[in-house]
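# Structural description and commentary
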Amino acid sequence: MLDRKAKLTVLAFLLLMLASAIWLVGYTGRWSAIPFFLPACVTFVVGVWQWRLARAEGDLSAWTRWGGFLAISYAAICAGFQLMLVMRVLKLTAFPPSSFARVFLAFFGVQLFVLGNWMAKLPPLRAWRPASLSLDAAGEAAMLRFGGWLLVAYALIVIASALFVPASLIAPLISSMSLASLIVVFIKRRQLHKSQLHKTWIPR
Amino acid sequence: MNLVFKALADPTRRLILQLLRERPMTAGELADRVTVSKPTLSAHFAVLREADLVDSDKTGTTITYRLKLSVLEEALLEFARAVGIGSARPVKSTARSKHA
């Protein structure tokens, strides 16, 4: 679970984002769900993380710190993007919207890089998983190291996309890369699960 | 970060980390595979623990070491190995470990 400091910080960012979303709707005079999208994303990510860690066992201090960084940095990046939207509406900046998105994506990539680098160092998380994907402590450690490398590679591609890829190609590239990463993680976990079964299988 | 560089600069410590990449190992298993005396090995473990590159669990009299490398630290380990800072000490024959 998140510690008190992380919870309060995320809550402060959420309130700021909600206030700016309500202000944006009031200022423009027409209803739109778009300003509420980022606060919803933050609530979802932090909620899923809280739910996951609440069902885990053992010493969770390292995971709590990692989750705290995830929640605070994600909320801060989203709040920053929301603030840029407000500044744009108030015409306080002439920065084009596509550049906003690129800056947002680059920060998101840096955040993922830090999280991936750190993830490889974390102890195995003892939490529920489907039986077909469960691993022993050594398998979970191997999976974390693999996940860390994958996340760092993903983050570097996100940063490179934000800086160099044409705007029209960024969304399809990131979406296909995310899907491919999920498939690779699933295959790796299944592979480790099978090798674990093979090791523990004793012929009669 | 200085502690990490110091830990990775020594070939024996790099060898220990390489061995731990295969799986977590006990101090005895590592001692069987690294050609240094046990007190020296203990000193290497202390440096690795201080740099936060390994984790240890004590069960009774057995200490099990587990790798605790971030992605950048692992990349740095690979770089140090590729460049060959110092010279890697030979791994002992596995025959001894089989008889132990």
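Residues numbered from 1 in each chain as written. Chains lettered and ligands numbered in written order. Predicted model: local features only at pLDDT ≥ 70, side-chain atom pairs only at ≥ 80, totals over all residues.

## Structural notes on the sheet that holds strand β1 (residues 25–26) of chain B
Residues and elements named next belong to chain B. With respect to topology, 3 strands assemble into an open sheet ordered β1-β3-β2, the strand pairing being antiparallel. Two strands close off the open sheet at either side, each with one partner strand: β1 and β2 (54–59). The pairing of β1 with strand β3 (residues 62–67) spans 2 bridges and is classified as antiparallel. Note that in β3 the partner of Thr-26 across the bridge is Thr-64. (Pairing = 2+ DSSP bridges. Helix = DSSP H or I, 4+ residues; strand = E, 2+ residues; numbered from the N terminus.)

## Quick notes on the domain arrangement of chain A
Residues and elements named next belong to chain A. Split into domains, chain A comes out as domain 1 (1–95) and domain 2 (113–204). Taking the mean C-alpha position of each, domain 1 and domain 2 sit 25 Å from one another. With 10 residues of domain 1 in contact, the opposing surface of domain 2 contributes 8 residues. In terms of residue count, helix α3 (residues 61–89) provides more of the side of domain 1 that touches domain 2 than any other element does, 5 residues in total. Each residue belonging to the side of domain 1 that touches domain 2 can be placed in one class, and the counts come to 6 nonpolar, 1 polar and 3 charged. (Domains from an automatic or database assignment. Contact = placed C-beta atoms within 7 Å. Nonpolar A, V, L, I, M, F, W, Y, C, P; charged D, E, K, R; others polar.)

## Let's talk about the confidence of the model for chain B
Residues and elements named next belong to chain B. Mean pLDDT over chain B: 84, with 85% of residues reaching 70 or higher. Averaged pLDDT values over the elements of chain B bottom out at 48 in helix α6 (residues 94–99) and peak at 93 in helix α4 (residues 38–50). Predicted confidence for residues 95–100 stays below pLDDT 50, and this span has 5 contacts to residues more than four positions away or in other chains. Scoring of the predicted complex yields 0.85 for pTM and 0.79 for ipTM. (pLDDT = per-residue confidence, 0-100.)

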